[in-house]
Amino acid sequence: MTGEALTNLKRETMSPVSTVSALDDNDKVFTAEQDPRATQLVRVNVSRDPFLAQQRQVEQEIAAEEKRQADLVVGSNGHPADVPLWVQSCGFARYLKGYSKAELLGLSKKPSPEEESDAAIRKILQVVEEMLKETWNWCLDGPDCRLTRPMAVVLSQFWTITNVHSKGFRPGIDRKTLSTYMEYWQRVLVFLWRTEIRGDWPTRRDSDQDDQGVDPLPNSDFFRCTPEQVDHLYACFKAVYDEDDTALREHVFALSLALIRHPLPGYRFESALLSYCATISHRIGTETWQPAGDFNHHLSALIYCAQLWIFRSVCSRIDQIPHLDADEELASLCQKWFRQERSTTFGIILNWRLMLFRVGKQDVVPRFATWSLDNQEVCYKGTNVSMAQVSQLYRQAIRDARQILDRDLLLGADPLVRMSSEHLFESEHRQEVNWWFGKDPRNETLLQGHTEALLNHTLGTPLLRQTYLEPHEGHVRFRSEAIGLYVHAIQQFLQRWFAAFQVSSPPLRAKDILAITWRNTERPRSIYVKHRRVMVYVNHHKSQGHWGHANDNVRFLPVDLGNMLLDFLVFVTPHYSRMIWQVAPGTLLSSSLWVQDGQLWKETWFTRYLRAASVRAEGPPLGLSHWRHISASIIKVKFGEETYVFDVDHEDGDSDDPDRDDGEDEVVATMVRQSNHSVRTHNRAYANSTGLPVANVWDGLVKRAFRASLLWATFFRFGEEESEHVAVGSRRRRESMDDGRGLVKRIARAIPTPRRHWTGPALLREARRLMQNDHLEWRCPEQAQAMCAVAAGAPEVLAVLATGTGKSLLFQLACSLPGAHTTILIVSLVALRLDLLQHCRQMGIHCDEWQPGSRTQAPLVFVSVEHAGHGSFYQYLYELHQARRLDRVVIDECHLVLTAASYRRSMSKLVVLRGIPVPFVYLTATLPVYLQQRLYQHHHLTTVVEIRGPSRRSNLHYRVQRLRRQEGTLLTSAAKNIQRRWTEHYGSRDGPQRCLIFTRSKKDSEEVADLLECDYYHADIGEGAPEAKGEVLSRWMAGGRGPFLVVHVDEPKKVEIGFEG
């Protein structure tokens, strides 16, 4: 006899849940019995909930990590706008990456007067100030003046090379400016003192070291002084200690000249002076890069002081050698050390300074667009777009985005006070890292509790709590599957919001859009609230590297689009930040809107999302490039036909036409610039336009941008539905949120792809072809009904058919029909999965087993319950669905979702798959009617096509036998009884069929197997060797046909378990 003792692991009945207060290790997220009241949004007091306290702690950790990371120089994360152009050109971002901004700025901080130990450096700084002031006085008109006009021209020769209008060296600056300039040079010496003398070298934070717990070490190679500089630096301090003022002045002067006369044939930051310049490139207080103009001021100060030191050097040489030609001496020194074409310290500084003034222009090429006779439809490269379709695209994208926001992201939270740009305040001048309008104290009353709004709503709603939270190691956390669904919903919202944003005003390029941030980073944010609307400010242009400066681009969003973004930022971002912190502690929420899996969206995705949105709006597929050209043509035809527009690229582009309306022309020019190209480029490169002169639009940019945005929105009637939406009030919002169930309810609203209509006779012909049996008939009417429902793509099918009535054919035939794609089959039992795989392959069906990382598109894909709960499997399903390659998901033996949930947690996770909007098919032979409603509740089944056949089978016989005590223990008696019955039927141990024995514990299964000399099987088999389970099942399956005898030793814990065998 071949047989196997298979064990039923411990099964516990799950108790009903009527209220929710807190989750612990014994609470179940998905209960076996659901209180009817749990389907409603029940509000409970959560002020003392431990999970709320835990999440507040998470908020504190996030704030601390934000503060720590804000202090580190981040540099570029892959987008050109991350670092200002001048910083990239100077090389500061790469040089300083990983250093603390506070530490860098502290290197040049002047010592406190109270510290006696710092008296020496204070004395040196005093001498520096005295000597520079003395030299400055030599440059002023009067009896002590030693500076001639030719010498002033020579000192500023580096500038006159590029600008004939230069006035030369400017000695006549005011004393306040002189004091500021001298302070910067003093800070250079403080920088040298803190590093070379005190050894306070900056510490670079290396991510690899941090991950390994290694403390970073100070970098003594941050720069390298020349031997001459080191000698004079130490000589200065020796002179202070010796109280030798004459020697001190000599060495301070020599040290300053040594800093200037530093050749740099290679790495620029070997220079202490250039390293110092890098350390002051950040602004104190805001941790952001300094504006180019402010940093230029620092360079101007150093240049001015260097000019004074060089001039003093010449004066000193003249005092020593009276007959020396001062002009030649000065020209020689400047030519060698103070020219931008020289590889010296100030040669590089002068290049940095002059670099900021370079401007370039871009080449343009012609483009063509044609209009219909009524000027209502434009055609560009074969894409025809009517004005009505643009309006429809916006409205459809708004509706889709609003539905996802209300239903999936705000979780149906009706009590939330929705945001309105009319009631929010903004502090545009605040440039601290991580600042946004949500931190403005004037908004405190309106935004009170916004960071915990969705958290409180989740905790206070039993259904949401069960769906989103789970016990874990004595605490409560977000379910990983729920996080995955929430992140997916965020991406879906942003895709649709972007489509509405892109048509709400003249469009931006993809790289420009990627520059949008909702809070300050090391550069100012992009989202503001101004003039009672949401304003988007983009400071990036594709040609900024060529021009030498970025491009200011301002637009105002329609009210409905802007308020939707405010709701997202105020309520969703704090909730989402907790989730990503749980997934990866230490990970902060990105300041960019367009982030997926920690990375910025790819530029090509924007075109994909805009096309998808235009198709959903029943319009032509509209790519990003096409829409930019079409919008340019719309501006010319609809807004600029009868106006002259003046080119900002022409310095003298004023028109002589007295009839020109300046106000209208400026607004139209601003509308052009909102596409982030110049009007000159607009006329020459877009929409087959002629090169008309264009006016400067920089003055009053924001006001004109407001008028331009309003003009565009009014033309397309954007935002008109907003008033209707508000008027309807919460009724419409509740309808869009599916009675407040949010994402939980959405999974029951799968919209199937239209399919071919299959009749019963047609399906029977296909079944005969598959089975290669021309006389095949349906085994029962219920099988035919179920097959028709599955083939028709019914969203939800439940087939309760007795064993042997052809349930397997429902997915075998479905995946073999002409035009079929992929059917996913989730099988709970390993033995059944192996048996079905073997049988399907024998039938000629191409099938595969899914493993993590697999991307198979086989017609039939088998997956275990444990793998089905894996996050990567959900991503795999989603990708199949997006590619329209997923036909259905079939859950075999679906009764185990309820009966096995207590000991197989992965059963509870299957509900997450309902978030993919495809048909679901549930198959079982054992689902009592009283469990049916519980299955509907657990998997949110609302439109089920139910097919239930008779459970009685004539070829099955049930028997309950009471064993006598004198025959030994229960297990011994059972083993003898099984051997006797098998021998009576087959006459020997070797028979053509198999035997399956269920016990109540693992130990019992091993003991019975030992008595029968057969294999046993339970969860602990093959620990450390997973292939052992497969070997046991393979031996059992090779023993013959299906089980002849199924035995339960001792009564099952539930009646239905006895039928499962």
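Residues numbered from 1 in each chain as written. Predicted model: local features only at pLDDT ≥ 70, side-chain atom pairs only at ≥ 80, totals over all residues. Heavy atoms only, no water.

1. Some remarks on the overall build of the chain
Okay, step 1: Counting its regular elements, the chain contains 43 helices and 21 strands.
Okay, step 2: Sorting the 1061 residues of the chain into buried and exposed places 54% on the buried side.
Okay, step 3: Considering only residue pairs separated by 6 or more positions, the chain has 74% of its internal contacts joining residues 24 or more positions apart. (Helix = DSSP H or I, 4+ residues; strand = E, 2+ residues; numbered from the N terminus. Buried < 20%, exposed > 50% of the residue type's maximum accessible area, 1.4 Å probe, protein only. Contact = heavy atoms within 4.5 Å.)

2. A look at helix H39 (residues 929–938)
Okay, step 1: All of the buried residues in H39 are Leu-931, Gln-932, Arg-934, Leu-935, Tyr-936 and His-938.
Okay, step 2: Positive phi shows up at His-940, right after H39, with a value of about 55°.

3. Notes on the sheet that holds strand E4 (residues 383–386)
Okay, step 1: Pairing within the open sheet is antiparallel, and its three strands lie in the order E2-E3-E4. Looking at strand neighbours, the two that pair on one side only are strand E2 (370–371) and E4, the edges of this open sheet.
Okay, step 2: In this sheet, E4 lies alongside strand E3 (residues 377–380) in antiparallel orientation, the contact comprising four bridges. Paired with Glu-377 across the strands is Ser-386, a residue of E4.
Okay, step 3: Contacts from helix H16 (residues 387–409) reach E2, E3 and E4 within the one sheet, and its direction differs from that of E4 by about 80°.
Okay, step 4: On top of the sheet, helix H24 (residues 624–639) reaches E2, E3 and E4; it is set at about 135° to E3, its chief contact. (Pairing = 2+ DSSP bridges. Axes fitted to C-alpha atoms, helices over the stretch in contact; angles between N-to-C directions.)

4. Examining the packing of aromatic side chains
Okay, step 1: Using the criterion set out here, one finds 38 aromatic pairs in the structure.
Okay, step 2: Relative to Tyr-267, the ring of Tyr-95 lies with its centre 6.5 Å away and its plane at 65°, an arrangement referred to as edge-to-face. Placement of Tyr-95 in helix H3 (residues 92–96) and of Tyr-267 in the loop between helix H11 (245–260) and helix H12 (272–279) is noted, with a sequence separation of 172 residues between them.
Okay, step 3: The class for Tyr-95 is buried, based on a relative accessible area of 8%.
Okay, step 4: Of the residues examined, Tyr-267 reaches a relative accessible area of 47% and is grouped as partly exposed.
Okay, step 5: Connected via pairs of aromatic rings, a cluster forms that spans Phe-92, Tyr-95, Tyr-99, Phe-222, Tyr-267, Phe-269, Phe-295 and Trp-352.
Okay, step 6: The lysine or arginine in question, Arg-430, covers the ring of Trp-435, its NZ or CZ lying 4.0 Å from the ring centre.
Okay, step 7: Geometry around Phe-920 places Arg-914 over its ring, the cationic atom sitting 5.0 Å from the centre. (Phe/Tyr/Trp six-rings, centres within 6.5 Å; stacked < 30°, edge-to-face > 60°. Lys NZ or Arg CZ within 6 Å of the ring centre and 35° of its normal.)

5. Here we look at the side chain of Thr-288
Okay, step 1: Here Thr-288 is to be found in the loop between H12 and helix H13 (292–320).
Okay, step 2: In this structure Thr-288 touches Ser-281, His-282, Arg-283, Gln-431, Val-433, Thr-521, Glu-522 and Arg-523, once residues within four positions along its chain are discounted.

6. Regarding the nonpolar core
Okay, step 1: In terms of nonpolar packing, the biggest core is built from 98 residues, with Tyr-486, Phe-493, Phe-568 and Trp-594 touching the most fellow members.
Okay, step 2: In contact with Trp-594, other than residues within four places in its own chain, are Leu-494, Trp-497, Phe-498, Ile-513, Leu-514, Ile-516, Gln-599, Leu-600, Trp-601 and Phe-606.
Okay, step 3: Core analysis: the second largest hydrophobic core is formed by 93 residues, Trp-86, Val-188, Ile-303 and Leu-330 among them. (Core = buried A, V, L, I, M, F, W, Y, C linked by side-chain atoms within 4.5 Å.)

7. Section: unusual backbone geometry
Okay, step 1: Although it is not a glycine, His-531 sits at a positive phi angle of roughly 55°.
Okay, step 2: Inspection of the secondary structure puts His-531 in the loop between strand E7 (527–530) and strand E8 (533–539).
Okay, step 3: Judged by relative accessible area, His-531 falls into the partly exposed class, the value being 40%.
Okay, step 4: The phi torsion at Glu-1013 lies on the positive side, around 55°, for a residue other than glycine.
Okay, step 5: By the element assignment, Glu-1013 lies in the loop between helix H41 (1002–1012) and strand E20 (1015–1017).
Okay, step 6: On the accessibility criterion, Glu-1013 (66% relative accessible area) is exposed.

8. Concerning helix H14 (residues 326–337)
Okay, step 1: Between its terminal C-alpha atoms H14 stretches 16 Å, which fits the 16 Å expected from 12 residues at 1.5 Å a residue.
Okay, step 2: Buried within H14 are the following residues: Glu-329, Leu-330, Leu-333, Cys-334 and Trp-337. Buried residues of H14 fall within an arc of 125° about the axis and therefore sit on the same side.
Okay, step 3: Packed against the buried residues of H14 are helix H6 (149–155), H11, H13 and helix H15 (345–355). (Expected span 1.5 Å × (residues − 1). Arc of directions from axis to C-beta.)

9. As for the pairing of strand E9 (residues 552–556)
Okay, step 1: Most of E9 is tucked away, with four of its five residues classed as buried.
Okay, step 2: Of the pairings in the sheet, the one linking E8 to E9 comprises five bridges and is antiparallel in character. Bridged to Asn-539 within E9 is Asp-552.

10. Topic: the packing of helix H40 (residues 970–986) against H41
Relative placement of two packed helices is described by the angle separating their axes and the distance separating the axes.
Okay, step 1: Two numbers describe how H40 lies on H41: the axes approach to 10 Å, and their chain directions differ by 45°. Here H40 lies oblique to H41, going by the angle between them. Read as a crossing pair, H40 and H41 show a hand that is right-handed. For the pair H40 and H41, the contacting residues are Leu-971, Thr-972, Ala-975, Ile-978 and Gln-979 in the first and Asp-1004, Glu-1007, Val-1008, Leu-1011 and Leu-1012 in the second. (Parallel < 35°, antiparallel > 145°, perpendicular 65-115°, else oblique. Left-handed = near helix turned anticlockwise from the far one by under 90°.)

11. Overview of the sheet that holds E9
Okay, step 1: Spatially, the three strands line up as an open sheet ordered E7-E8-E9, and their pairing is antiparallel. Pairing within the sheet leaves two strands with one partner each, and these edge strands are E7 and E9. Shown here is a sheet whose adjacent strand axes are inclined to one another by a mean of 30°, direction ignored.
Okay, step 2: Sitting on the sheet, helix H22 (residues 559–583) touches E7 and E8, and the angle it makes with E8 is about 80°.

12. Re the environment of Pro-585
Okay, step 1: Assignment of secondary structure puts Pro-585 in the loop between H22 and strand E10 (595–596).
Okay, step 2: When its relative accessible area of 66% is taken as the criterion, Pro-585 is described as exposed.
Okay, step 3: Measuring from C-alpha to C-alpha, the distance between Pro-585 and Val-58 comes to 9.2 Å, with 527 residues separating the pair along the chain.

13. Examining a negative patch on the surface
Okay, step 1: There is a patch of like negative charges on the surface, built from Glu-130, Glu-243, Asp-244, Asp-245 and Glu-250.
Okay, step 2: Mapped onto the elements of the fold, Glu-250 is located in helix H11. (Patch = residues over 30% accessible without salt bridge, like charges linked within 9 Å, V, L, I, M, F, W, Y side chains within 5 Å. Areas by Shrake-Rupley, 256 points an atom, 1.4 Å probe, with all protein chains shown as cover. Salt bridge = Lys/Arg side-chain N within 4 Å of Asp/Glu carboxyl O. Lys, Arg positive; Asp, Glu negative; His and termini not counted. Charge placed at Lys NZ, Arg CZ, Asp CG, Glu CD.)

14. Regarding the pattern of salt bridges
Okay, step 1: On inspection of all chains with the given rule, the structure shows 37 salt bridges.
Okay, step 2: A salt bridge links Glu-426 to Arg-525; the nearest nitrogen and oxygen atoms lie 3.0 Å apart. Here the residue Glu-426 occupies a position in the loop between H16 and helix H17 (453–459), and Arg-525 occupies one in the loop between helix H20 (510–514) and E7, the gap between them amounting to 99 residues.
Okay, step 3: Take Glu-426: its relative accessible area is 12%, and that puts it in the buried class.
Okay, step 4: Each member of the salt-bridge network shares a partner with another, and the members are Glu-470, Arg-477, Arg-479, Glu-481 and Lys-909.

15. Points about the pairing of strand E6 (residues 475–478)
Okay, step 1: Alignment of strand E5 (residues 469–472) against E6, held across four bridges, turns out to be antiparallel. Bridge pairing in E6 places Leu-469 opposite Phe-478.
Okay, step 2: Adjacent in sequence and paired antiparallel, E5 and E6 are bridged by two residues, among which Glu-473 carries a positive phi angle near 50°.

16. Focus on the environment of Ala-499
Okay, step 1: As for its position among the elements, Ala-499 is in helix H19 (residues 480–503).
Okay, step 2: Ala-499 gets classed as buried once you look at its relative accessible area, which sits at 0%.
Okay, step 3: Along the primary structure Ala-499 and Ala-612 are separated by 113 residues, whereas in three dimensions their C-alpha atoms are 8.9 Å apart.
Okay, step 4: With residues up to four places along the chain from it excluded, the contact list for Ala-499 reads Ala-397, Leu-610 and Ala-613.

17. Observations regarding the packing of helix H8 (residues 175–197) against H11
Okay, step 1: Running from N to C, H8 and H11 cross one another at 90°; their axes reach a closest spacing of 12 Å. Viewed along their axes, H8 and H11 adopt a mutual orientation that is roughly perpendicular. Between H8 and H11, the contacting residues are Trp-185, Val-188, Leu-189 and Leu-192 on the first element and Leu-255, Ser-256, Leu-259 and Ile-260 on the second.
Okay, step 2: When its residues are assigned to classes, the contact of H8 with H11 shows seven nonpolar, one polar and no charged. (Nonpolar A, V, L, I, M, F, W, Y, C, P; charged D, E, K, R; others polar.)

18. Regarding the confidence of the model for the chain
Okay, step 1: Looking at the chain as a whole, its pLDDT mean stands at 79, while 77% of the residues score no less than 70.
Okay, step 2: The model gives residues 1–41 a pLDDT under 50, and that stretch makes 116 contacts with residues more than four places away or in other chains.
Okay, step 3: Between residues 359–366, whose pLDDT stays under 50, and residues either more than four places distant or in other chains, the model counts 21 contacts. (pLDDT = per-residue confidence, 0-100.)

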